[in-house]
Amino acid sequence: MIQVLTADETEKLLTFLEMDEAMNLPIIGDLQRHGFSKDFQNFWVQVDEAGQWLVVIRRFFEHYTVFAPKRNLMTQQEMDDAEDETEELGWFLRLSAPVTVSGPAFIVEALRPFLDGLKPTLVQQMSLAGDHALQPAYVPSVADEPCPFKITRVTDARDADVPMIGCLIFATEAFRIHYHSAGEITEGIRVRLQKGGIRHLVLKVNDELVCHAATSAETDRYALLTGIVTAVGQQRKGYAACLVSSLCRSLLKEGKIPCLFCKSTAAARMYEKLGFMVCGEYVTLHRNPALIAQF
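Not measured: the values here are computed from a predicted model. One numbering rule holds for all chains: residues counted from 1, following each sequence as written. With pLDDT at 70 or above as the cut-off, local features in this predicted model cover only qualifying residues; side-chain atom pairs require 80 or more to be listed or tallied, and sums for whole chains, interfaces and linings still use all residues. No hydrogens and no water enter the side-chain calculation; it runs on all heavy atoms of the structure.

(A) Layout of the packing of aromatic side chains. The aromatic pairing rule takes the rings of Phe, Tyr and Trp, using the six-membered ring of Trp, and pairs them if the centres are within 6.5 Å, calling planes under 30 degrees apart stacked, those over 60 edge-to-face and the rest tilted. A full pass over the atoms with the stated rule returns ten aromatic pairs. Here Phe-60 and Phe-61 contribute two aromatic rings whose centre-to-centre distance is 5.2 Å and whose plane-to-plane angle is 85°, an arrangement assigned as edge-to-face. Using a 1.4 Å probe on the protein chains alone, a residue whose accessible area is under 20% of its type maximum counts as buried, one over 50% counts as exposed, and one in between counts as partly exposed. Here Phe-60 falls in the partly exposed class, since its relative accessible area comes to 22%. A residue is classified by how much of its surface remains accessible, and Phe-61, at 46% relative accessible area, is partly exposed. Through a chain of ring-to-ring contacts, the aromatic side chains of Phe-16, Trp-53 and Phe-67 assemble into a single cluster.

So this is what it looks like as structure tokens:
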């Protein structure tokens, strides 16, 4: 049975999501920021006959996320029950007409037969195991030529930087398709910075902002990296690796494990060089590949 959740069950919901805290950081972050009071976000839970929680479903606008702890060594009866539960969940999502459905690969793949027309994109969940794994920060270079640029220190984004960050993100096609304007991005960043609990870092060359990285959710144990973008014409110079390395060092000093979601092979290679390791598989079913931003 699928039941709607209310604010009274916030603590129980967080406890359930923290069974895989790194995987669920996007949901945890949105829950802590928006709670149950916004019309664009709802939570449901699928329970068995004994009332035990099986799957949590989150709606964020027309995007749905599902989470269930992976079961091992199930009995035949449990496997039969799981088929019934998958069918119930599949029809619930089908009738909701989602734009995307995301979650751990094992559960989303089971739901695919109920969601005709949605195509899968596999995303790797990666995390940094500890400070011993973080490799030295990259030194930006320009091909084999001596670097002619004067690179300022990596710094926290200041208020004056926010419009430039908005323009940088909006200039990147993979991100632009999710926004109406650079101003929308700028305002969102300002609001998040005012609320606190996250961070935005920038790297400038000759006073030009060329790279940005941020955290979108942080807990006592984990931090989710996002918004990692380099200006057009400035890629492949090591700027993103330098910025991510700096951000990770700050997080590790605070005892937080950096993690991220990545579907780009080139980006995954960069993260692996910095010490990130694949720790899970995440699948997004979507109507249009262009709707999915590059991680």
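(B) Inspection of the sheet that holds strand β7 (residues 155-156) at higher detail. Here the rule is simple: two strands pair whenever DSSP picks up at least two bridges between them. Only DSSP runs of H or I reaching four residues or more are called helices, and only runs of E reaching two or more are called strands; each is numbered from the N terminus. The mixed open sheet is built from twelve strands, whose spatial order is β1-β2-β3-β4-β5-β12-β6-β11-β10-β9-β8-β7. Either end of the sheet is taken by a strand with one partner, and the two such strands are β1 (2-4) and β7. Pairing analysis gives three bridges linking strand β4 (residues 63-67) to strand β5 (residues 100-104), with the strands arranged parallel. Residue pairing in the sheet places Thr-65 in a bridge with Ser-102 of β5.

(C) Seen up close, the nonpolar core. Here, the term nonpolar core denotes a set of buried Ala, Val, Leu, Ile, Met, Phe, Trp, Tyr and Cys residues that are joined through side-chain atoms within 4.5 Å. Formed by 29 residues in total, the largest nonpolar core has its most connected members in Leu-203, Leu-225, Val-244, Tyr-271 and Phe-276. Of all the secondary structure elements, the ones that give two or more residues to this core are β6 (119-128), β8 (200-205), β9 (208-218), β10 (222-230), α8 (239-253), β11 (257-262) and α9 (265-273). Considering every element that reaches this core, the biggest residue donor is α8, with ten residues. In this description, contact between two residues means that some pair of their heavy atoms is separated by no more than 4.5 Å. Those residues in contact with Tyr-271 that sit more than four places away from it in its chain are Met-126, Ile-228, Val-244, Leu-260, Cys-262 and Phe-276. Counting 18 residues, the second largest nonpolar core, distinct from the first, contains Ala-68, Val-101, Leu-115 and Leu-285.

(D) Expanded view of the environment of Thr-284. Looking at the element boundaries, Thr-284 is found in strand β12 (residues 276-286). Among the residues examined, Thr-284 registers a relative accessible area of 6% and is labelled buried. Distance in space between the C-alpha atoms of Thr-284 and Ala-105 is 8.4 Å, their sequence separation being 179 residues. Side-chain polar atoms of Thr-284 contact the side chain of Ser-102, separated by 2.9 Å. Pairs of N or O atoms within 3.5 Å make up the polar contacts considered here, provided that, within protein, one atom can donate a hydrogen while the other can accept it, and that residues adjacent in sequence are counted only when both atoms are side-chain atoms.

(E) A look at helix α1 (residues 10-17). Within α1, burial applies to Leu-13, Leu-14, Phe-16 and Leu-17. Buried positions in α1, seen along its axis, are confined to an arc of 160° and lie on one side of it. Looking at α1, the residues exposed on the side facing more than 90 degrees away from the buried face are Glu-11 and Thr-15. In the core, the buried residues of α1 are packed alongside α2 (25-34), β2 (41-47), β3 (53-60) and β4. This arc is built from the directions going out from the helix axis to the C-beta atoms.

(F) Quick look at the pattern of salt bridges. Salt bridges are counted wherever a side-chain nitrogen of Lys or Arg sits within 4 Å of a carboxyl oxygen of Asp or Glu. Counted by the stated rule, this structure contains ten salt bridges. Across the pair Asp-161 and Lys-204 runs a salt bridge, and its minimum N-O distance is 2.8 Å. Of the two residues, Asp-161 sits in the loop between β7 and α5 (162-170) while Lys-204 sits in strand β8, which places them 43 residues apart along the sequence. Neither residue differs from the other here; Asp-161 and Lys-204 are each classed as buried. A salt bridge links Arg-199 to Glu-218; the shortest N-O distance between them is 2.7 Å. With Arg-199 in the loop between α7 (182-195) and β8 and Glu-218 in strand β9, this residue pair connects regions lying 19 residues apart in the sequence. Among the residues examined, Glu-218 registers a relative accessible area of 13% and is labelled buried.

(G) Examining the pairing of β8 more closely. Judged by how many residues are buried, β8 sits mostly within the fold: six of six residues are covered. Here β8 shows two buried faces, one formed by His-200, Val-202 and Lys-204 and the other by Leu-201, Leu-203 and Val-205. Pairing geometry for β7 and β8, over two bridges, is antiparallel. Paired with Asp-156 across the bridge in β8 is Leu-201. Sheet topology places β8 next to β9; six bridges connect them, and they run antiparallel. Residue pairing across strands places Leu-201 opposite Ala-213, the latter belonging to β9.

(H) Seen up close, the pairing of β5. Burial of β5 is extensive: five of the five residues sit out of reach of the surface. With five bridges connecting them, β5 and β12 associate as antiparallel partners. Looking at β12, one finds that Thr-100 is bridged to His-286.

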